[in-house]
Amino acid sequence: MSYQRIVVLTGAGISAESGIKTFRASDGLWEEHRIEDVATPEGFAANPAMVHQFYNGRRRQLLGGDVAPNPAHLALAELERRFNGDFMLVTQNIDNLHERAGSVNVVHMHGELLKMRCAHTDQVFPIEGDIALDDRCACCGLRQCLRPHVVWFGEMPLQMDDIYGALDACDLFVSIGTSGNVYPAAGFVQVARAAGAHTLEINLEPSATESLFAEKRYGLASEELPRFVS
Ligand code: BJW
């Protein structure tokens, strides 16, 4: 590979073949739950117990034995291992399948399912099981101040300076398994293009930003990624 600085963006589609539902498919998470109820600060303020229940269910699935990295996650980890230049994997996913596959430089721009945050101190800490509204916070000891360490609509995604720094300098940008409906991630391709990078979309179907990519490969991530990396 003749590239020197690669940025990869992943979305829910890369984890679909590991058994984790995407958001916008006909059987996706947003068919079963109203976005306003479970993915906004207002929804959490209105019914925190219900939002905890939503994330508890997803955490239980992730920690259960049935979910494991698939060949697409493994191929990206292999690419990072073999690559000699700068490599950043930006994921919109809150699962830990990239890390479990062996990826190292992973940026979770929409947070992590296995972490909680204190609403008073902003301290972030790992958790393993269910969270109940009345659980005591590990940092301040108070109740009712824990929130999932995830980024909801209207909130600022994480590590944006690091991400834009890498995008401004990259010569290859690859977007995998994302519908291109949610910003700022959907705008990364334009930043990479402005930096002069080659841009590649790998997805099951053309995304909302498909026309901005120089190269496109459509199919299952578990098949397209190993092919791309080999
Ligand atoms: C496969 C496959 C297989 C399936 N192989 N492929 C108007 C215009 C522009 C922007 C806005 C606007 N109004 C409001 C906004 C901003 C808003 C936004 O974008 N809204 C849109 C709905 C319009 N964004 C925000 O509020 C963000 N914050 C923000 O903008 O702050 C200000 C700011 C400004 C400038 C710079 C920086 C900041 C925050 C967004 C937070 C999103 N949060 C969620 C929940 C996270 C926690 C959780 O998981 O519960 O993030 S929503 C949800 O969508 C989740 C995902 O990460 C995100 C993206 O979804 P993704 O990954 O694309 O999944 P799907 O389901 O949509 O697509 C899957 C794809 O995979 C499909 O295409 C399939 O075909 C494909 N696929 N199987 C390959 N096997």
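This text follows the structure it describes.
For clarity, every value in this text was computed on a predicted model and none was experimentally measured.

K.L.:
How should I be thinking about the overall build of the chain in this particular structure?
P.N.:
Broken down by element type, the chain carries 10 helices and nine strands. In summary, the chain has a C-alpha radius of gyration of 18 Å against a globular reference of 17 Å for 230 residues, a match within 12%. Considering only C-alpha atoms, the chain reaches an extent of 55 × 35 × 30 Å along its principal axes. Counting all 230 residues of the chain, 49% fall into the buried class. Taking all contacts inside the chain whose residues are at least 6 apart in sequence as the whole, residues at least 24 apart take part in 63%. Measuring between centres, the 19 positive side-chain charges of the chain sit 2 Å from its 30 negative side-chain charges.

K.L.:
Explain the sheet that holds strand β7 (residues 172–176) here, please?
P.N.:
Across a sheet, paired strands are connected by hydrogen bonds in the backbone, their directions being either parallel or antiparallel. Pairing within the open sheet is parallel, and its six strands lie in the order β3-β2-β1-β7-β8-β9. The open sheet is flanked by β3 (106–108) and β9 (215–218), the only strands paired with a single partner. Along the sheet, successive strands turn relative to each other by an average axial angle of 15°, direction set aside. Bridge count between β7 and strand β8 (residues 198–203): five bridges; the pairing is parallel. Across the sheet, serine 175 pairs through a bridge with glutamate 201, a residue of β8. Most of the contacts of helix α6 (residues 71–82) go to strand β2 (residues 86–91), to which it runs at about 155°, and overall it touches β1 (5–10), β2 and β7.

Calculation criteria
- Residues numbered from 1 in each chain as written.
- Predicted model: local features only at pLDDT ≥ 70, side-chain atom pairs only at ≥ 80, totals over all residues.
- Heavy atoms only, no water.
- Helix = DSSP H or I, 4+ residues; strand = E, 2+ residues; numbered from the N terminus.
- Rg over C-alpha atoms; globule rule 2.2 N^0.38 Å.
- Buried < 20%, exposed > 50% of the residue type's maximum accessible area, 1.4 Å probe, protein only.
- Contact = heavy atoms within 4.5 Å.
- Lys, Arg positive; Asp, Glu negative; His and termini not counted.
- Charge placed at Lys NZ, Arg CZ, Asp CG, Glu CD.
- Pairing = 2+ DSSP bridges.
- Axes fitted to C-alpha atoms, helices over the stretch in contact; angles between N-to-C directions.

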